[in-house]
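If you want the building blocks of each chain, they are given just below.
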Amino acid sequence: GESVGLHLPTLSVQEGDNSIINCAYSNSASDYFIWYKQESGKGPQFIIDIRSNMDKRQGQRVTVLLNKTVKHLSLQIAATQPGDSAVYFCAETQNAGNMLTFGGGTRLMVKP
Amino acid sequence: DTAVSQTPKYLVTQMGNDKSIKCEQNLGHDTMYWYKQDSKKFLKIMFSYNNKELIINETVPNRFSPKSPDKAHLNLHINSLELGDSAVYFCASSQRGRDEAFFGQGTRLTVV
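Rules used in this analysis
Residues numbered from 1 in each chain as written. Chains lettered and ligands numbered in written order. Predicted model: local features only at pLDDT ≥ 70, side-chain atom pairs only at ≥ 80, totals over all residues. Heavy atoms only, no water. Helix = DSSP H or I, 4+ residues; strand = E, 2+ residues; numbered from the N terminus. Buried < 20%, exposed > 50% of the residue type's maximum accessible area, 1.4 Å probe, protein only. Pairing = 2+ DSSP bridges. Axes fitted to C-alpha atoms, helices over the stretch in contact; angles between N-to-C directions. Salt bridge = Lys/Arg side-chain N within 4 Å of Asp/Glu carboxyl O.

Asker: Would you mind showing me how to read the overall build of chain B here?
Answerer: Of the regular secondary structure elements, chain B holds zero helices and 11 strands. Ordered by position from the N terminus, the helices and strands of chain B form the series β-β-β-β-β-β-β-β-β-β-β. With the C-alpha coordinates of chain B rotated into their principal frame, the extents come out at 40 × 30 × 25 Å. Counting the 112 residues in chain B, one finds 45% classified as buried.

Asker: Whenever I open this one, the pairing of strand S10 (residues 106-111) of chain A confuses me. Can you help?
Answerer: Successive residues of a regular strand alternate their side chains across the two faces of the sheet. All names here are of chain A. Residues of S10 alternate between two faces, with Thr106, Leu108 and Val110 buried on one and Arg107, Met109 and Lys111 left unburied on the opposite face. Looking at chain direction, strand S8 (residues 86-93) and S10 are connected through three bridges and run antiparallel. Residue pairing across strands places Tyr88 opposite Thr106, the latter belonging to S10.

Asker: Please clarify how the sheet that holds strand S8 (residues 73-78) of chain B should be interpreted in this entry.
Answerer: Whether parallel or antiparallel, the strands of a sheet pair through hydrogen bonds between backbone atoms. All names here are of chain B. Spatially, the four strands line up as an open sheet ordered S1-S3-S8-S7, and their pairing is antiparallel. Strand pairing shows two members of the sheet lacking a second neighbour, strand S1 (4-7) and strand S7 (64-70), which therefore form its edges. The average undirected angle you get between the axes of adjacent strands in this sheet is 20 degrees.

Asker: Looking at this structure, how should I read the sheet that holds strand S5 (residues 56-58) of chain A?
Answerer: Residue and element names in this part refer to chain A. An order of S2-S7-S6-S5 is seen for the four strands of this open sheet, with the pairing classed as antiparallel. Edge strands, defined here as strands with exactly one partner in the open sheet, are strand S2 (19-24) and S5. Between one strand and the next, the sheet's axes are offset by a mean angle of 15 degrees, whatever the strand orientation. Bridge analysis of S5 against strand S6 (residues 62-67) gives three bridges, and the strand direction is antiparallel. When the bridges of S6 are listed, Gln58 appears paired with Thr63.

Asker: Is there a simple way to explain the pattern of salt bridges in this structure?
Answerer: Any two side chains of opposite charge can pair, on the condition that their charged atoms come close. The full count for this structure, using the stated rule, is five salt bridges over all chains. Where A:Lys42 meets A:Glu39, a salt bridge forms, and the shortest distance between an N and an O atom there is 3.9 Å. Under the relative-accessibility criterion, A:Lys42 is labelled partly exposed at 38%. Residue A:Arg61 is joined to A:Asp84 by a salt bridge in which the shortest nitrogen-to-oxygen separation is 3.0 Å. Within this pair, whereas A:Arg61 is found in the loop between S5 and S6, its partner A:Asp84 is found in the loop between strand S7 (72-77) and S8, the two being separated by 23 residues in sequence. Salt bridges sharing common partners tie together B:Arg63, B:Glu82 and B:Asp85.

These results come straight from atomic positions and should not be treated as a statement about function.
In structure tokens, the structure reads:
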């Protein structure tokens with residue numbers, strides 16, 4: 001399925017604050033979701049994933065929330081640091097294959 | 001010890017030329033992919049290749065063709081390059097049964 005559109009929204013937060021990045025997906029058959037972080041000049045890097053049988057998963061300083069009812073995914077970053085500045089993408093896939101469909105991305109800027 | 005490596009990192013070429021981008025993964029994965037990222041950072045799957053199975057995104061022009069000499073390599077050939085082909089191309093790999101994909105650093109292709 002196709003996710004969000006082609007614009008790149010920006011989220012600006014103060015260092016030490018919590019960040020919440022949102023993602024909408026359209027394919028109700030998707031059962032696996034990943035958040036990727038892409039720093040300037042680099043490839044996307046895995047942050048955290050979640051399967052559709054869960055609604056919350058926590059990692060180190062990051063939490064992913066999944067609301068299947070409204071097809072919404074969010075990434076929460078606690079105590080945001082300057083090194084968190086990057087573009088964040090959500091991606092979805094189905095069991096039938098591993099091809100990922102990416103959302104449009106959100107640029108996170110952390111102010112010192 | 002780079003997991004997924006692409007060459008070249010930058011490629012500048014004239015319209016009408018034919019070029020190739022190489023990709024190698026040393027993770028022992030059985031599936032490799034090519035993604036295209038446009039100027040708005042939108043990431044789109046182009047190909048998925050697993051052993052002998054090639055899955056093509058139907059929107060990809062047939063000027064683009066993946067070539068896999070072995071499980072660890074998936075090269076991208078592009079014929080008759082056009083201005084609209086300018087983008088960053090990412091190679092990725094994953095293991096069937098595990099959906100997380102690992103990405104290379106990208107190849108920035110500029111067609112002039």
